[in-house]
Amino acid sequence: MAIADEVQRVGAPLRRWARTQKREYTQGEPRPLAGDLGAMGVYAGLVAAGAAAVRAAGRQLPERIPPGDVALLTIATFRLARRIAKDPVTSPLRAPFVRFEGASGHAEVAEEVREHGGVKHAVGELLTCPFCLAQWVGTAFVFGYVTAPRATRLAALTMTTVAGSDVLQFVYDSIQNGALTRTADAPGEPV
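Described in the following lines is the structure provided in the data block. (Residues numbered from 1 in each chain as written. Predicted model: local features only at pLDDT ≥ 70, side-chain atom pairs only at ≥ 80, totals over all residues. Heavy atoms only, no water.)

## Focus: the overall build of the protein chain
Item 1. Scanning the protein chain from N- to C-terminus turns up 7 helices and 2 strands.
Item 2. When the helices and strands of the protein chain are listed from N to C terminus, the series reads α-α-α-α-β-β-α-α-α.
Item 3. Taking 191 residues into account, the globule formula puts the C-alpha radius of gyration at 16 Å, and the protein chain, at 23 Å, lies well above it.
Item 4. Principal-axis analysis of the C-alpha atoms gives the protein chain an extent of 85 × 50 × 35 Å.
Item 5. When burial is assessed residue by residue, the protein chain has 26% of its 191 residues classed as buried.
Item 6. Expressed as a percentage of contacts within the protein chain between residues at least 6 apart in sequence, the contacts between residues at least 24 apart total 58%.
Item 7. Surface accessibility of the protein chain: about 13200 Å² in total, with carbon and sulfur atoms responsible for 64%.
Item 8. Within the protein chain, one finds 21 positive and 18 negative side-chain charges whose respective centroids are separated by 8 Å. (Helix = DSSP H or I, 4+ residues; strand = E, 2+ residues; numbered from the N terminus. Rg over C-alpha atoms; globule rule 2.2 N^0.38 Å. Buried < 20%, exposed > 50% of the residue type's maximum accessible area, 1.4 Å probe, protein only. Contact = heavy atoms within 4.5 Å. Areas by Shrake-Rupley, 256 points an atom, 1.4 Å probe, with all protein chains shown as cover. Lys, Arg positive; Asp, Glu negative; His and termini not counted. Charge placed at Lys NZ, Arg CZ, Asp CG, Glu CD.)

Structure below.
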């Protein structure tokens, strides 16, 4: 028991410091600092494990990435992160952490975290934020590119073609809704 008592004694100032930091940072708002710290730890652990696996497999890192592959992976990361965070079809992945609020643009949903201040809050924020998810998705694409470049390019191509199709859907909808017709209401434009 002496070791447990010593851990308690040494850890007490650290716990006090962490509570003070949280109180001063959050100003009473239910922010999931511990959950966010946990998510960062999971991410760092996964990256470390992936790097160790790449090294153990003897894979060489590419000296440079062709610009076309960078563009392909970038667009695929955007599309997949947005698909996970906002698509109605991926709602079951987010449902344990968030509450449906309504539609949010074309084929997207708005959701709010269900629990405030804990791990579920942190996961809910991560799963509904395409900007946040892009870090995770992009990292997965990069590890895939290093370990299985052809398969990763194929997966990325799928998401990139979906992103291109999305753009064309918006252009088509705009044309259908009269985006190309001139109106007499626009000042300074001939009719």
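Structure shown, so let's carry the discussion forward.
## Quick notes on the pattern of salt bridges
Item 1. Summed over the entire model, instances satisfying the criterion amount to 9 salt bridges.
Item 2. Here D69 and R153 are joined by a salt bridge, their closest N and O atoms 3.1 Å apart. With D69 in helix α3 (residues 67–86) and R153 in helix α7 (residues 149–176), this residue pair connects regions lying 84 residues apart in the sequence.
Item 3. Taking relative accessible area as the criterion, D69 reaches 10% and is therefore assigned buried.
Item 4. Of the residues examined, R153 reaches a relative accessible area of 30% and is grouped as partly exposed. (Salt bridge = Lys/Arg side-chain N within 4 Å of Asp/Glu carboxyl O.)

## Considering helix α5 (residues 119–127)
Item 1. The set of residues buried in α5 consists of H121, A122, G124, L126 and L127.
Item 2. In this structure, the buried residues of α5 make contact with α2 (33–56), α3, α4 (91–94), β1 (98–103), β2 (109–113) and α6 (130–147).

## What to know about the pairing of β1
Item 1. Bridge count for β1 against β2 is 5 bridges, and the pairing is antiparallel. Across the sheet, residue V98 finds its bridge partner in β2, namely V113.
Item 2. Connecting the antiparallel pair β1 and β2 is a turn made up of 5 residues, with G105 showing a positive phi of about 85°. (Pairing = 2+ DSSP bridges.)

## With respect to α6
Item 1. The end-to-end C-alpha separation of α6 is 25 Å, in line with the 26 Å expected for 18 residues at 1.5 Å each.
Item 2. Along α6, the residues classified as buried are P130, L133, V137, G138, T139, F141, G144, Y145 and V146.
Item 3. As for α6, its buried residues are in contact with α2, α3, α5 and α7. (Expected span 1.5 Å × (residues − 1).)

## Quick notes on the packing of aromatic side chains
Item 1. Across all of its chains, the model carries 1 aromatic pair by this definition.
Item 2. Ring centres 5.3 Å apart and planes at 65° place the aromatic pair Y43 and W136 in the edge-to-face group. With Y43 in helix α2 and W136 in helix α6, the pair connects residues that are 93 residues apart, well separated along the chain. (Phe/Tyr/Trp six-rings, centres within 6.5 Å; stacked < 30°, edge-to-face > 60°.)

## Overview of the side chain of R79
Item 1. Looking at where R79 falls in the secondary structure, it is placed in helix α3.
Item 2. Classification of R79 as buried rests on a relative accessible area of 7%.
Item 3. Once residues lying within four places of it in the same chain are set aside, the contact partners of R79 are M159, V162, A163 and D166.

## Observations concerning the environment of A122
Item 1. For A122, the position within the fold is in helix α5.
Item 2. Its relative accessible area of 6% is what places A122 among the buried residues.
Item 3. Taking the C-alpha atoms as reference, A122 lies 31 Å from R153; in sequence the two are 31 residues apart.
Item 4. Discounting residues that sit within four places of it in the chain, A122 has contacts with P32, G35 and D36.

## Brief notes about the packing of α2 against α6
Item 1. It is the contact of α2 with α6, at a shortest axis distance of 11 Å, that shows an interaxial angle of 5°. Taken together, the axis directions place α2 and α6 in an arrangement best described as roughly parallel. Across the interface between the two elements, A39, V42, Y43, L46, V47, G50, A51 and V54 of α2 pack against Q135, W136, T139, F143, V146 and T147 of α6.
Item 2. Across the contact of α2 with α6, the residue classes break down as 10 nonpolar, 4 polar and no charged. (Axes fitted to C-alpha atoms, helices over the stretch in contact; angles between N-to-C directions. Parallel < 35°, antiparallel > 145°, perpendicular 65-115°, else oblique. Nonpolar A, V, L, I, M, F, W, Y, C, P; charged D, E, K, R; others polar.)

## Here we look at a positive patch on the surface
Item 1. The grouping of R15, R16, R19 and R23 at the surface amounts to a positive patch.
Item 2. Turning to its location among the elements, R23 is positioned in helix α1 (residues 2–26). (Patch = residues over 30% accessible without salt bridge, like charges linked within 9 Å, V, L, I, M, F, W, Y side chains within 5 Å.)

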